[in-house]
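Residue-level structure breakdown
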Amino acid sequence: MTAELQTTGDVVVAVTDRPEGAAALAWALERASSLGLGVQAVPLTSDAPSTPVHVSQQVRRTVEEGARQAGVAAHLHHPDPDVAEQLIALSTAGADVVVLPVRKRSATMKYLMGSIAQRVIGEAACPVVTVRS
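Predicted model, so just to flag it, every value in this text is computed and none were measured.

**Regarding the pairing of strand 4 (residues 97–101)**
Of all the 5 residues making up strand 4, 5 are buried; the element is thus mostly covered by neighbouring parts of the structure. The side-chain alternation of strand 4 yields two buried faces, one formed by Val97, Val99 and Pro101 and the other by Val98 and Leu100. As paired elements, strand 1 (residues 11–15) and strand 4 share 3 bridges and run parallel to each other. Bridge pairing in strand 4 links Val11 to Val97. With 4 bridges joining them, strand 4 and strand 5 (residues 128–131) adopt parallel strand pairing. The partner of Val98 across the bridge, within strand 5, is Val128.

Written out as structure tokens, the structure reads:
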């Protein structure tokens, strides 16, 4: 697993190419900038744990440009097959906080698809912040 933090205390953020992903990244960059921390970004494309995840060019550009504008060092991880486990592992490596994008879904859809957010909130070793757009 490639879940090492580059700097102890970094802000870990799950990023997507959706509006809530941009909002979560903005929150994470603001926190990191105000505290002099770095950002560890992990891309995700779905709440379903079994959905393959890749790093889209849009997400890569958004992270790189946002970090440059905020004056923050950022590392974009290649996502593991189990992104929730990757985020939890990063939290135990000394993260300041984990930031997750969330969107409203019905209880039935949460049950059928699973929820990365629910798992990370329940198992992370540091505070978890959820951000909606």
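**Thoughts on the sheet that holds strand 2 (residues 39–43)**
Read across the open sheet, the 5 strands follow the order 3-2-1-4-5; overall the sheet is parallel. Both edges of this open sheet fall to strand 3 (74–76) and strand 5, since each of them pairs with a single strand only. Taking the axes of each pair of neighbouring strands and ignoring which way they run, one obtains an average angle of 20 degrees across the sheet. Contacts from helix 3 (residues 83–92) reach strand 1, strand 2 and strand 4, with the element oriented near 170 degrees to strand 2. Set on the sheet, helix 5 (residues 116–123) makes contact with strand 4 and strand 5; between it and strand 4 the angle comes to about 165 degrees.

**Side note on the side chain of His77**
Along the polypeptide, His77 turns up in the loop between strand 3 and helix 3. There is a polar contact of 2.7 Å between the side chain of His77 and the side chain of Gln40.

**Brief notes about the pattern of salt bridges**
Evaluated as defined, the whole model comprises 6 salt bridges. Here Arg18 makes a salt bridge to Glu20, at a shortest N to O gap of 2.5 Å. Since its relative accessible area comes to 38%, Arg18 is described here as partly exposed. What makes Glu20 buried here is its relative accessible area of 7%. Measuring nitrogen to oxygen at the nearest pair gives 2.5 Å for the salt bridge that ties Arg68 to Glu65. Placement of the pair is Arg68 and Glu65 together in helix 2 (residues 57–70), with a separation of 3 residues, close to one helical turn. A single network of salt bridges, built from pairs that share partners, joins Asp82, Glu85, Arg119 and Glu123.

**Some points on the confidence of the model for the protein**
On average, the protein scores 84 in pLDDT, and the residues at 70 or more come to 78%. Counted against residues more than four places away or in other chains, residues 1–7, with its pLDDT under 50, gives 24 contacts.

**Quick notes on the packing of helix 1 (residues 19–35) against helix 2**
As a packed pair, helix 1 and helix 2 sit with axes 10 Å apart at the nearest point and diverge in direction by 30 degrees. The orientation of helix 1 relative to helix 2 falls into the category roughly parallel. Like other packed secondary-structure pairs, helix 1 and helix 2 cross with a definite hand, here right-handed. In this structure, helix 1 contributes Leu25, Leu29 and Ser33 to the contact, and helix 2 contributes Thr62, Val63, Gly66, Ala67 and Ala70. For the contact of helix 1 with helix 2, a count of residues per class yields 5 nonpolar, 3 polar and no charged.

What counts, and at which threshold
Residues numbered from 1 in each chain as written. Predicted model: local features only at pLDDT ≥ 70, side-chain atom pairs only at ≥ 80, totals over all residues. Heavy atoms only, no water. Buried < 20%, exposed > 50% of the residue type's maximum accessible area, 1.4 Å probe, protein only. Helix = DSSP H or I, 4+ residues; strand = E, 2+ residues; numbered from the N terminus. Pairing = 2+ DSSP bridges. Axes fitted to C-alpha atoms, helices over the stretch in contact; angles between N-to-C directions. Contact = heavy atoms within 4.5 Å. Polar contact = N/O pair within 3.5 Å; in protein donor to acceptor, adjacent residues only side chain to side chain. Salt bridge = Lys/Arg side-chain N within 4 Å of Asp/Glu carboxyl O. pLDDT = per-residue confidence, 0-100. Parallel < 35°, antiparallel > 145°, perpendicular 65-115°, else oblique. Left-handed = near helix turned anticlockwise from the far one by under 90°. Nonpolar A, V, L, I, M, F, W, Y, C, P; charged D, E, K, R; others polar.

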